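Listed below, chain by chain, are the residues.
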Amino acid sequence: MTEQSILAGCLKNDPVAQRELYNRYSPKMLSVCYRFAQNREDAEDMLQEGFIRVFTQINSFRNSGSFEGWIRRIIVHTCINFLKKHKKFSESLDLAYVTDVQVKEETVPSLMMVRQVVECIRLLPIGYRTVLNLYAIEGYSHKEIAQMLDIEESTSRSQCTRAKTMLETILVKKKIIEKPAGTYSLTAAFK
């Protein structure tokens, strides 16, 4: 089925089209949920809630922009709402955590082994991980993140900075990157 025929079918509540939409986009969207979730069960719950919203709000898609991007925005907002609803975002954060890890510029390409980095991001405290995902991966501004999470813009910025610093430390400890005396920092790479 084409994307347009799937969309047309979903607008008519056609179960075949709905199943096709789910089968086509759920693997990618589960990856999005997994980055926000504490565990696989939470990620699957987020995915299910997200697709329920996709199906109930499908008539609001205006064919301006990517259909996948529209679905992704719904999934991201569902993940944020799930974290708020289950009070997972408000878990304690070590706001005093700071360190200065430097990364050589030539190590950055090897650093971008997606699976290792995503697994290391998942080790961050939920607040740090959420802000880093929204800013560095999903592309939201700190102002947008602050509105979504009901926090101050400065809190979003500081949590993002601390998340990047903590991520560097984790990557060094897992020997994914080295701790050289160079002048390039991972923190600068996410700006």
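Every value quoted in this text rests on a predicted model; they were computed, and no experiment measured them.

Student: Could you clarify how one ought to interpret the state of the cysteines in this entry?
Tutor: What the rule picks out here adds up to zero disulfides. Not part of a disulfide, cysteine 79 finds its nearest cysteine sulfur in cysteine 33, a span of 3.7 Å. The exposure class assigned to cysteine 79 is buried, which follows from its relative accessible area of 0%.

Student: How should the packing of helix α8 (residues 142-149) against helix α9 (residues 153-173) be read in this particular structure?
Tutor: Two quantities define a packed helix pair, namely the angle between the axes and the distance from one axis to the other. At a minimum axis distance of 8 Å, the contact between α8 and α9 shows a crossing angle of 110°. Accordingly, the angle class assigned to the pair α8 and α9 is roughly perpendicular. On the side of α8, the interface is formed by His142, Lys143, Ile145 and Ala146, while α9 contributes Glu153, Ser156, Arg157 and Cys160. Broken down by class, the residue content of the contact of α8 with α9 amounts to three nonpolar, two polar and three charged.

Student: Explanation requested: α9 in the structure shown.
Tutor: Residues separated by three or four positions in an α-helix point in the same direction, a consequence of the helix having 3.6 residues per turn. Here α9 is 21 residues long and its end C-alpha atoms lie 30 Å apart, about the 30 Å a rise of 1.5 Å per residue gives. Positioned one or two residues after α9, lysine 175 has a phi angle of 60°, which is positive.

Student: Please clarify how unusual backbone geometry should be interpreted in this entry.
Tutor: Glycine aside, the phi torsion of most residues is negative, and most peptide linkages are trans. A positive phi angle, close to 55°, is found at asparagine 63, a residue other than glycine. Within the secondary structure, asparagine 63 is located in the loop between α3 (40-57) and α4 (67-85). With relative accessibility at 49%, the residue asparagine 63 sits in the partly exposed group. The backbone phi angle of aspartate 150 is positive, close to 55°, even though this residue is not glycine.

Student: Help me out: how do you make sense of α3 in this one?
Tutor: End to end, α3 covers 25 Å across 18 residues, agreeing with the expected 26 Å (1.5 Å per residue, within 8%). Those residues of α3 not exposed but buried are Asp42, Ala43, Met46, Leu47, Gly50, Phe51 and Val54. When α3 is viewed along its axis, its buried side chains cluster within an angular range of 165° and face the same direction. With respect to the buried face of α3, the exposed residues turned more than 90 degrees away are Glu41, Ile52 and Thr56. Buried residues in α3 make contact with α2 (15-36) and α4. Its side-chain oxygen 3.2 Å from the backbone nitrogen of glutamate 41, asparagine 39 forms the N-cap of α3.

Rules and cut-offs
- Residues numbered from 1 in each chain as written.
- Predicted model: local features only at pLDDT ≥ 70, side-chain atom pairs only at ≥ 80, totals over all residues.
- Heavy atoms only, no water.
- Disulfide = S-S within 2.5 Å.
- Buried < 20%, exposed > 50% of the residue type's maximum accessible area, 1.4 Å probe, protein only.
- Axes fitted to C-alpha atoms, helices over the stretch in contact; angles between N-to-C directions.
- Helix = DSSP H or I, 4+ residues; strand = E, 2+ residues; numbered from the N terminus.
- Parallel < 35°, antiparallel > 145°, perpendicular 65-115°, else oblique.
- Contact = heavy atoms within 4.5 Å.
- Nonpolar A, V, L, I, M, F, W, Y, C, P; charged D, E, K, R; others polar.
- Expected span 1.5 Å × (residues − 1).
- Arc of directions from axis to C-beta.
- Polar contact = N/O pair within 3.5 Å; in protein donor to acceptor, adjacent residues only side chain to side chain.

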